[in-house]
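# What the coordinates show
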Amino acid sequence: IDAHTEPGGDGEDVIDAVCYALPEEGVSVPNVIEMSGRGYHLVWYIDQIAAALGWMVEAVSVFFAQTVQMLLTDSGAKGYQADIGYAHRIAGLTRIPGTYNTAAHAYAGYRTLHKGRMDLLKAYDSIPPLGTTRCCPHGISCGEGGLRRYGKHREKADGCSTVP
């Protein structure tokens, strides 16, 4: 999550609110929140998988990033944006905690929220099918033929349904 806000702003509160809301949207709470100096990296641990399932990791990562962006947008948080393009390329994202970010003039830190590992197959199966259309009270389309959810509304190919 890129954070373009003033140092000492409400970043921790915004990230905590997003993490708290993720399970309601079908996404587990991340294991680690890394503070890079110019943003936050939400990191999920997964069970060991075969390298051939890298495509599945990418699909789940993009879904998680889209969900985080939706929560940021819905919350009205100013100056925060999930970087969907980098969400599945961990090598370009993760800053080693304790290292110095010269651009931000700050040290990277982290918080561990839990140590449980995610079942990748279950996470993948929970992703709504691509190509669904938007049918929410806001009338907004995701624009990429992907998935979007708002609050208790879950899109389906034939319209929205209310999630119990």
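Look above for the structure.
Residues numbered from 1 in each chain as written. Predicted model: local features only at pLDDT ≥ 70, side-chain atom pairs only at ≥ 80, totals over all residues. Heavy atoms only, no water.

## Quick look at the overall build of the protein
Selection rule: Helix numbering and strand numbering both begin at the N terminus, where a helix is a DSSP run of H or I of at least 4 residues and a strand a DSSP run of E of at least 2. The contact criterion used is simple: two residues touch if any of their non-hydrogen atoms lie within 4.5 Å. Note that accessible areas follow from Shrake-Rupley with a 1.4 Å probe, and for residues the cover is restricted to the protein chains shown.
For the protein, the count of helices and strands is four helices and ten strands. Listing each helix as α and each strand as β along the protein from the N terminus yields β-α-β-β-α-β-α-β-β-β-α-β-β-β. Of the contacts formed within the protein by residues at least 6 apart in sequence, a portion of 59% connects residues at least 24 apart. Here the protein displays about 9500 Å² of accessible surface, and carbon together with sulfur accounts for 56% of that area.

## So, the pattern of salt bridges
This is how it is decided: When a carboxyl oxygen of Asp or Glu is within 4 Å of a side-chain nitrogen of Lys or Arg, the pair counts as a salt bridge. Here's how the labels work: a residue is buried when its accessible area is under 20% of the maximum for its type, exposed when over 50%, partly exposed in between, all with a 1.4 Å probe on protein chains only.
Counted by the stated rule, this structure contains two salt bridges. Residue arginine 111 pairs with glutamate 12 through a salt bridge whose shortest N-O separation is 3.3 Å. Highlighted residues: arginine 111 in strand 7 (residues 109–112) and glutamate 12 in helix 1 (residues 11–21), separated in sequence by 99 residues. For arginine 111, a relative accessible area of 26% puts it in the partly exposed group. When the shortest N-O distance is used, the salt bridge between arginine 111 and aspartate 16 registers 2.6 Å. With arginine 111 in strand 7 and aspartate 16 in helix 1, this pair connects stretches of sequence that are 95 residues apart. Overlapping salt bridges bring together Glu12, Asp16 and Arg111 as one network.

## Digging into the packing of aromatic side chains
Let me state the cut-off plainly: Each aromatic pair joins two rings of Phe, Tyr and Trp (for Trp, the six-membered one) with centres within 6.5 Å, and gets the label stacked for planes under 30 degrees apart, edge-to-face for over 60, and tilted for any other angle.
Scanning all chains against the criterion turns up four aromatic pairs. With centroids separated by 5.3 Å and ring planes inclined at 90°, the aromatic side chains of tryptophan 55 and tyrosine 124 adopt a geometry described as edge-to-face. Of the two residues, tryptophan 55 sits in helix 2 (residues 54–75) while tyrosine 124 sits in helix 4 (residues 120–125), which places them 69 residues apart along the sequence. Given the relative accessible area of 48%, tryptophan 55 is considered partly exposed. Here the aromatic residues Trp44, Phe63 and Phe64 are joined through ring pairs into a cluster of three or more.

## Some remarks on helix 2
In plain terms, the rule: Here a helix's expected span is defined as the number of its residues, less one, multiplied by 1.5 Å.
With 22 residues, helix 2 should cover 32 Å at 1.5 Å per step; its first-to-last C-alpha distance of 32 Å lies within 8% of that length. Phi turns positive, to about 80°, at glycine 76, one or two residues after helix 2.

## Thoughts on the nonpolar core
Soluble globular proteins: nonpolar side chains tend toward being buried together. Heads up, the rule is: Here the nonpolar core consists of buried residues drawn from Ala, Val, Leu, Ile, Met, Phe, Trp, Tyr and Cys, with membership extended through side-chain atoms lying within 4.5 Å.
Ile1, Leu42, Phe64, Val68 and Leu72 are the most contacted members of the largest nonpolar core, which has 27 residues in total. Per element, the largest residue contribution to this core is eight residues, and it comes from helix 2.

## With respect to helix 1
Let me state the cut-off plainly: The directions from the helix axis to the C-beta atoms are what the arc is built from.
Within helix 1 the residues assigned to the buried category are Gly11, Val14, Ile15, Val18 and Cys19. End-on, the buried residues of helix 1 take up no more than an arc of 130°, which puts them together on one face. Residues of helix 1 that are exposed and angled more than 90 degrees away from the buried face: Asp13 and Tyr20. Looking at the packing, one finds that the buried side of helix 1 touches strand 2 (32–35), strand 3 (40–43), helix 2 and strand 4 (80–81).

## Looking at the sheet that holds strand 3
Operational definition: Here the rule is simple: two strands pair whenever DSSP picks up at least two bridges between them. Comment: axis = line fitted to C-alpha atoms, over the contacting stretch for helices; angle = value between 0 and 180 degrees taken between N-to-C directions.
Strands sit in the order 3-2-7 across an open sheet of three strands; the sheet is antiparallel. The open sheet is flanked by strand 3 and strand 7, the only strands paired with a single partner. The average undirected angle you get between the axes of adjacent strands in this sheet is 15°. Here strand 2 pairs with strand 3 via four bridges, running antiparallel.

Geometric descriptors of this kind do not, in isolation, establish any biological role.
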